[in-house]
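Each chain is listed here by its residues.
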Amino acid sequence: MKNFLFVMRQPPFQGSRIRESMDMIMTVAAFDQCVKILFLDDGVFLLKSNQNPDNPDLKTSTPLFAALELYDVEELWVEGESLAERGLDPSHLILPVRTLGRTEIAFFLAKADIVVNC
Amino acid sequence: MKFAIQINSAPWESQACETAYQFSRASLTMGHEIVRIFFYYEGAYNGLRWMSPPDDENPLIRRWSELANEHGVDLTICISAAQRRGLLEQSEAKRLGKSDNDLAEGFRIAGLGLWVDACLKADRLLVFGA
């Protein structure tokens, strides 16, 4: 078993990007590997609650994240500074997260066997 | 050392594919092993048979096929990434009622499971392209 860390830095509504990243994450989880996700920079917007576009053509990606629990992906980490710089705190997010400080990120990345920027 | 390689960019949009290719060549020359090269996101376009850049640009598509021929390197394009972008191998095209055969020589199409498999077998995963 390996420790996979997926780093998500893109905001929602990036074409198929998020969907494709989630496919990767769910596949790894289906192989019973250890999966962590780190939300950095604009990636923290992925978990923002109340994303309700009126236009039915625009699908939110939040249900994909809500489904992570079914895959036993429970370690969702957020960089505290990324949240604060965007006027957010964990109460604005759809799922419970663990918070890391910016100075801890390098060590956090180093602990993973496989880091994927997505 | 055993390397798994993931490529996320189309060949024309950044230097990432060229760098991945040069890395692959160099590591094979130095006696390392490449478990698999897996093409994802826009990287799927690396296997598009119909790319026709000017010959004086030494097209990467031709060099990927040579790499597969010479060293038996497994060039795998993710099936869902490929389908999303209209890149279909013959059998898949037939299933979808289309008549394409879009894969260049040496490439194959398979699921993300093979990406995980490569990650698990390799000592290192290297990801090229944003």
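Whatever comes next refers back to the structure up there.
Residues numbered from 1 in each chain as written. Chains lettered and ligands numbered in written order. Predicted model: local features only at pLDDT ≥ 70, side-chain atom pairs only at ≥ 80, totals over all residues. Heavy atoms only, no water.

*Asks:* Sorry if this is basic, but what is going on with the pattern of salt bridges here?
*Replies:* If the charged atoms of two oppositely charged side chains come close together, the side chains can form a pair. Within this structure, the stated rule accounts for 17 salt bridges over all chains. A salt bridge links R86 of chain A to E85 of chain A; the nearest nitrogen and oxygen atoms lie 3.8 Å apart. For the salt bridge of R36 of chain B with D74 of chain B, the shortest nitrogen-to-oxygen distance reads 2.7 Å. With R36 of chain B in strand β2 (residues 33-39) and D74 of chain B in the loop between α2 (60-71) and β3 (75-78), this residue pair connects regions lying 38 residues apart in the sequence. R36 of chain B gets classed as buried once you look at its relative accessible area, which sits at 8%. The network of salt bridges with shared partners includes D42, E79, E85, R86 and R102 of chain A. (Salt bridge = Lys/Arg side-chain N within 4 Å of Asp/Glu carboxyl O. Helix = DSSP H or I, 4+ residues; strand = E, 2+ residues; numbered from the N terminus. Buried < 20%, exposed > 50% of the residue type's maximum accessible area, 1.4 Å probe, protein only.)

*Asks:* Explain the nonpolar core here, please?
*Replies:* As a rule of thumb, soluble globular proteins bury nonpolar side chains together. F6, F39 and F65 of chain A together with I37, W64 and W115 of chain B are the most contacted members of the largest nonpolar core, which totals 74 residues. Among the elements that take part in this core, helix α1 (residues 17-30) of chain A stands out by supplying seven residues, more than any other. In this view, F6 of chain A contacts M24, I25, V28, V35, K36, I37, L38, V116 and C118 of chain A together with W115 of chain B; residues no more than four positions away in its chain are not counted. (Core = buried A, V, L, I, M, F, W, Y, C linked by side-chain atoms within 4.5 Å. Contact = heavy atoms within 4.5 Å.)

*Asks:* Looking at this structure, I do not really get the packing of aromatic side chains. What am I missing?
*Replies:* Here the distance between the centres and the angle between the planes together describe a pair of aromatic rings. Residue and element names in this part refer to chain B. Inspection of the entire model under this criterion finds 13 aromatic pairs over all chains. Ring centres of F39 and W64 lie 5.5 Å apart, and the angle between their planes is 85°; this geometry places the pair in the edge-to-face category. Of the two residues, F39 sits in strand β2 while W64 sits in helix α2, which places them 25 residues apart along the sequence. Like W64, F39 is buried. Ring geometry for F39 and F107: centres 5.4 Å apart, planes at 55°, overall tilted. Here the residue F39 occupies a position in strand β2, and F107 occupies one in strand β4 (residues 107-110), the gap between them amounting to 68 residues. (Phe/Tyr/Trp six-rings, centres within 6.5 Å; stacked < 30°, edge-to-face > 60°.)

By themselves, these figures tell us nothing about what the structure is for.
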